[in-house]
Amino acid sequence: MQTQAFQRVYTKIEQLTKATCTLRAQDVGNEELALVHGRLAQVVKIMGDEITLQVFSGTEGIPTNAEVVFFGKPPVLNVSDELAGRFFDAFGRPIDGGPDVQGEEREIGGPSVNPVRREQPSELITTGIAGIDLNNTLVTGQKIPFFADPDQPYNQVMAMVALRAEADKIILGGMGLTNDDYLFYKQVFENAGALHRIVSFVNTTENPPVERLLVPDMALTAAEYFAIDKNEKVLVLLTDMTLYADALSIVSNRMDQIPSKDSMPGSLYSDLAKIYEKAVQFEAGGSITIIAVTTLSSGDITHAVPDNTGYITEGQLFLRRDTEIGKVIVDPFRSLSRLKQLVIGKKTRADHPQVMNAAIRLYADAANARTKLENGFDLTDYDERTLQFAKEYSDRLLAIDVNIDTTEMLNIAWQLFAKYFSKAEVGIKQEFVEKYWG
Amino acid sequence: MKNQSTGTVSGIIANLAIIKVEGPVAQNEVCYLRHKDTDLMAEVIKIRSGYAYAQVFESTRGIKVGTPVRFMGHLLEATLGPGILSRNYDGLMHDLGTMSGIFLQRGEYTDALDKAKLWHFKPLAQPGDTVQAGAWLGEVQENAVPHRIMVPFMWQGSFTVQSVAPEGEYRVEDEIATLSDASGRQLKVTMTQQWPVKQAVRAYVDKPRPYQLLETGVRTIDTLNPIVEGGTGFIPGPFGSGKTVLQQAISRQADADVVIVAACGERANEVVELFKEFPELDDPWHPGRRLMERTVIIANTSNMPVAAREASVYTAMTIAEYYRSMGLKVLLLADSTSRWAQALREMSNRMEELPGPDAFPMDLSAIISNFYSRAGMVRLSNNQSGSITFIGTVSPAGGNLKEPVTESTRKAARCFYALSQQRADSKRYPAIDPIDSYSKYLEYPELQETLAKAISPDWVDKVNRLKNILLRGKEAAEQINILGDDGVTVDYHLTFWRSEVVDAVILQQDAFDSIDARTPLARQQYMTDWVLRICDTHFQFDSFEQVNPYFKRVVNQMKQMNYSEFESEQFRSFEKELEEMLREGEGSRR
């Protein structure tokens, strides 16, 4: 992004806040990029000849006589196959020491796909993790976040899912990633020999927070290139979207906008939806699947960020440490994959939906029995059996270290049903009971 | 408003454009911003000292100060005419199906109707007839629906029919009638007309209280809290509680002539599901027809321009009013009205208005109740009636029902279907809470009378008994939880399990099972009678430990009945086993 000779240089900034600066200039387009005192900035407001710019790396040290140069275009990314295997910063500049990417220049944050041109997602993504494949099956073109407290191993699980998912390209959008986590991803992908399938756009905690706002659009512009131009199955990992939302609130605050719930901007829903809705299945076979992370503060899902996210994404995955078995499991109660209905029992064995529901219902009965136990009541024989079932179910199916195929998961569930319950207690459609019981 | 004004852009904040206007301009007038080679549509939402504030229905990227603007002299309008059914529109009623390319290119505006298609027109009115706005002049067959060609809603006063075109093939813009007004002016009528979407169509005589049940096939609605033709209802629920699945079930199954789905700020994949499935699904009420033939989808998914989201619900309502005026039963579903309220909030914020609760605009409540009031049953000038049943979903922030959108909607809607997180967590779908939810219509004597005639004279009593059983079951469950299984008498367990039978057999319904998904009214009545029979049976159990396994078997048996074809051999055999189970329950323990 070099300045060109004919561009006009402005040198009189009238107003500066922590994240924005305002000056008088002519012929400037909305959302255009500019260079303010050598730092990248974007036009966010125009009032007559008064232009307000959001300076991504903050305005610290910018003098009122700083040079301001407008680029005449919004942020862009050069797309080509050369993106594969590379690491970039939030502006799409290489951070791996490699050369600049040559390719077609595309505006980031482009238009939405016409909904009638979308295809209904129908291709199963298998991860080998029963907590996902059995209970919360993922589908290409889906968008789903992990709702996790900061201490949970979501980055590890996400990397594992990404590598097992058989995607043609994995695009990592790291926002406020700690340097350690960034290196973790890099190493895991390297060890798996998958680096040539990875493209990374990373804003670490060492970079200014407002820069993060560009990361999802960069990652998704690259994703659209591979999914549309190359018909590839693309998996986009976005971590951590809560830190992205924090950056949004910083900017809206600096622009004197009235905050809504939890001091987030009133447009939070639309801002998040614009990103997540880039998940898509195309007719030609290409797809974009988004797996994100939304960190919670001590499990509070009523906070504006997880709350709005939940309304946008197609389900959510919760991780929980099960003290009974001492392992991390995918919580069957709070997790949900909305698109699973499109594949379970269709792309998987016909008994899948009923087995899944019956097992979760029995697991819920076990939770009730545990409450009774904790309150000092006697347990019935049924209660005892549900508790034993729950422990084995958790260990053999819910734990994230499980790696088996879906049919095997179903067989294990049937074994557990027969081991602990009568047919009436399980309550599955007669035809399946006849076929698979025992 | 014939002379079109012009203007130039003088400021931009996100999708709000501030325009210096030359000439007169109206509130809510439509204008176009000329950016490079495309016109971007916008709507004036505020005017202050020579400046119009317009919300742009597109991305404003790249727009500069000085961009020329054309004002159109009319408000945001819907184009009405034959060929709306089975089409997919964006929020501004542009046909999504005829747009080129994978992406929605800004400024690509397609026609709402196919202007080249020929329709077979049959006259209904005679020369000499006196008519007014909304009167039927003729009709064309639109899929299975008789589509009436009406006197444009905009026309005020009485007219005399001069001539009506003879039966034959016509395009939507061809003249099909000539009318004259009181002063003798001749007016031409075509098969298409425009209507400003934010205004209610009032081409009807009056709006009586609704009295006819609208069957949805969803047991917990039809049996416990029925909605009526011309009724209003809303479904609030936290995410993951099954709002959309429930709404889609209603859209597929309800006994309506026309179904309009406004996907307002929701997930694109959910709309795709409608696009892909409805053309394949059989219409349960019109054998041999496809669901899509009587459906219109208005899609403004969450990533589409925010300003058009508000317009989308109004566009949908206007189309509903148009078909209602033809004497049809219209069902309008909006998912979700919260997104529309949020769109209002974003604009109000950009215009720096003083905010109301949760930063929503102060008049939110008025806007919502005004919108709900456009639904209802109407009597037309020819004594026919038509109805719009409106069901909106609400996505309360944080699942908290005390937030402004839910509270405002509660004042406006007559049926309340509260989705409970607790029920959803334990996979008891549909997760409509039977105790918190209500239907005001059940108290209407008009409806009670219809139900008594259509189902059975004591039907409302039976429904109230079911509600009582559920309430008492809930109380018993609380007691058992506090005092422990053996801390209460066996009666408590029986009371609890009776409510479990109601819950499992009537309330819970598998929306993904081909048979269980839709329960016709006769079958609902049949199963209700069974449930009440079980609840009336006197069981004498020695201890609570016998209650649980016995009722589990009963519930399982009745679920198998729900999964079987009604009155099939399989159904009968499950039923026979249930009879035996009941005898065993009464006999051995007496």
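Quantities reported herein were computed from a predicted structural model and do not represent experimental measurements. (Residues numbered from 1 in each chain as written. Chains lettered and ligands numbered in written order. Predicted model: local features only at pLDDT ≥ 70, side-chain atom pairs only at ≥ 80, totals over all residues.)

## Examining the overall build of chain B
Line of reasoning, step 1. Regarding its fold elements, chain B presents 14 helices and 25 strands.
Line of reasoning, step 2. Over its C-alpha atoms chain B spans a radius of gyration of 27 Å, differing by no more than 12% from the 25 Å that the globule rule assigns to 590 residues.
Line of reasoning, step 3. For chain B, the residues scored as buried account for 54% of the 590 residues in total. (Helix = DSSP H or I, 4+ residues; strand = E, 2+ residues; numbered from the N terminus. Rg over C-alpha atoms; globule rule 2.2 N^0.38 Å. Buried ≥ 20, exposed ≤ 12 C-beta atoms within 10 Å, placed from the backbone.)

## Some points on the overall build of chain A
Line of reasoning, step 1. Counting its secondary structure elements, chain A contains 12 helices and 21 strands.
Line of reasoning, step 2. Scaling as 2.2 N^0.38, a compact globule of 438 residues should have a C-alpha radius of gyration of about 22 Å, and chain A matches this with 25 Å.
Line of reasoning, step 3. C-alpha atoms of chain A, sized along the principal axes, occupy 80 × 50 × 40 Å.
Line of reasoning, step 4. Within chain A, buried positions represent 53% of all 438 residues.
Line of reasoning, step 5. For chain A, the share of sequence-separated contacts (at least 6 apart) that also reach a separation of at least 24 residues comes to 71%. (Contact = placed C-beta atoms within 7 Å.)

## What to know about the domain arrangement of chain B
Line of reasoning, step 1. Entries for chain B in the domain assignment read domain 1 (6-75), domain 2 (119-191), domain 3 (219-454) and domain 4 (459-587).
Line of reasoning, step 2. In this structure, domain 1 of chain B and domain 2 of chain B have C-alpha centres spaced 36 Å apart. (Domains from an automatic or database assignment.)

## Here's the deal with the sheet that holds strand β11 (residues 136-142) of chain B
Strand pairs in the sheet, formed through backbone hydrogen bonds, run parallel or antiparallel to each other.
All names here are of chain B.
Line of reasoning, step 1. Spatially, the four strands line up as an open sheet ordered β12-β11-β9-β14, and their pairing is antiparallel. Strands with a single pairing partner mark the edges of an open sheet, and in this sheet they are β12 (145-150) and β14 (168-170). Sheet twist, expressed as the average angle between the axes of neighbouring strands with direction ignored, equals 40°.
Line of reasoning, step 2. As judged from the three bridges shared by strand β9 (residues 119-123) and β14, these two strands associate in the antiparallel manner. By the bridge assignment for β14, Trp 119 is matched with Tyr 170. (Pairing = 2+ DSSP bridges. Axes fitted to C-alpha atoms, helices over the stretch in contact; angles between N-to-C directions.)

## A look at the confidence of the model for chain B
Line of reasoning, step 1. Mean pLDDT over chain B: 93, with 99% of residues reaching 70 or higher.
Line of reasoning, step 2. Note on the complex model: pTM 0.92, ipTM 0.87. (pLDDT = per-residue confidence, 0-100.)

## Describing the pairing of strand β4 (residues 38-48) of chain B
Residues and elements named next belong to chain B.
Line of reasoning, step 1. Across six bridges, the pairing between strand β3 (residues 29-35) and β4 is antiparallel. Paired with Leu 33 across the strands is Leu 40, a residue of β4.
Line of reasoning, step 2. In the sheet, β4 pairs with strand β5 (residues 51-56) via six bridges, with the strands oriented antiparallel. Each bridged residue has a counterpart across the sheet, and for Ile 47 the counterpart in β5 is Ala 52.
Line of reasoning, step 3. The hairpin formed by β4 and β5 contains two residues between the paired strands, and Ser 49 there has a positive phi angle of roughly 30°.

## Comments concerning the pairing of strand β18 (residues 287-295) of chain A
All names here are of chain A.
Line of reasoning, step 1. Burial analysis of β18 places nine of its nine residues in the buried class, the great majority of the element.
Line of reasoning, step 2. Neither face of β18 is open: one carries Ser 287, Thr 289, Ile 291, Val 293 and Thr 295, the other Ile 288, Ile 290, Ala 292 and Thr 294, and all of them are buried.
Line of reasoning, step 3. Pairing analysis gives six bridges linking strand β13 (residues 143-148) to β18, with the strands arranged parallel. When the bridges of β18 are listed, Pro 145 appears paired with Ala 292.
Line of reasoning, step 4. Relative to β18, strand β16 (residues 233-239) is paired through seven bridges, and the arrangement is parallel. Within β18, the position partnered with Lys 233 by the bridge is Ser 287.
Line of reasoning, step 5. Direction of pairing for strand β17 (residues 280-281) relative to β18: antiparallel, over a ladder of two bridges. Residue pairing in the sheet places Val 280 in a bridge with Ile 288 of β18.

## Thoughts on the confidence of the model for chain A
The predicted coordinates should not be examined in detail at positions where pLDDT is low.
Line of reasoning, step 1. Summarising the model, chain A shows a mean pLDDT of 92, and 99% of its residues fall at 70 or more.
Line of reasoning, step 2. At the level of individual helices and strands, chain A shows its lowest average pLDDT in helix α11 (residues 423-426) of chain A, which scores 90, and its highest in helix α4 (residues 215-229) of chain A, which scores 97.

## Digging into the domain arrangement of chain A
Line of reasoning, step 1. Domain assignment breaks chain A into domain 1 (9-70), domain 2 (76-107 + 140-313) and domain 3 (352-436).
Line of reasoning, step 2. Computed over C-alpha atoms, the centres of domain 1 of chain A and domain 3 of chain A are 61 Å apart.

## Some points on the packing of helix α6 (residues 364-372) of chain B against helix α7 (residues 404-412) of chain B
Helix-helix packing: each pair is described by the crossing angle between the helix axes and the interaxial distance.
All names here are of chain B.
Line of reasoning, step 1. Two elements in contact, α6 and α7, have axes separated by 9 Å at closest approach and are oriented at 40°. Classified by the interaxial angle, the pair formed by α6 and α7 is oblique. Judged by the sense of rotation from one axis to the other, the crossing of α6 with α7 is right-handed. Side by side, α6 and α7 meet where Leu 364, Ser 365, Ile 368, Ser 369 and Tyr 372 of the first sit next to Pro 404, Ser 408, Thr 409, Lys 411 and Ala 412 of the second.
Line of reasoning, step 2. Its residues assigned to classes, the contact of α6 with α7 shows five nonpolar, four polar and one charged. (Parallel < 35°, antiparallel > 145°, perpendicular 65-115°, else oblique. Left-handed = near helix turned anticlockwise from the far one by under 90°. Nonpolar A, V, L, I, M, F, W, Y, C, P; charged D, E, K, R; others polar.)

## Observations concerning the environment of Lys 440 of chain B
Line of reasoning, step 1. You can see Lys 440 of chain B is positioned in the loop between β25 (438-439) and α9 (445-454).
Line of reasoning, step 2. Spatially, the C-alpha atom of Lys 440 of chain B lies 8.2 Å from that of Asn 225 of chain B, the residues being 215 residues apart in sequence.

## What about the nonpolar core?
Across soluble globular proteins, nonpolar side chains have a tendency to be buried as a group.
Line of reasoning, step 1. Ala 222 and Val 236 of chain A together with Leu 137, Ile 260 and Leu 332 of chain B are the most contacted members of the largest nonpolar core, which totals 296 residues.
Line of reasoning, step 2. In terms of residues, this core owes the most to one element, helix α4 (residues 307-324) of chain B, which gives 11 residues.
Line of reasoning, step 3. Contacts of Ala 222 of chain A, omitting those with residues within four sequence positions, involve Leu 77, Val 79, Leu 83, Ile 171 and Val 199 of chain A.
Line of reasoning, step 4. If you look at the next biggest cluster of nonpolar residues, it comprises 27 residues, including Ile 480, Leu 494, Ile 506 and Phe 574 of chain B. (Core = buried A, V, L, I, M, F, W, Y, C linked by C-beta atoms within 7 Å.)

## Let's talk about unusual backbone geometry
All names here are of chain A.
Line of reasoning, step 1. For the peptide bond that leads from Thr 239 to Asp 240, omega is 10°, which places it in the cis range.
Line of reasoning, step 2. If you check the backbone angles, Asn 231 has positive phi at about 55° while not being a glycine.
Line of reasoning, step 3. Within the element layout of this structure, Asn 231 appears in the loop between α4 and β16.
Line of reasoning, step 4. Exposure remark for Asn 231: the 14 C-beta atoms within 10 Å place this residue in the partly exposed category.

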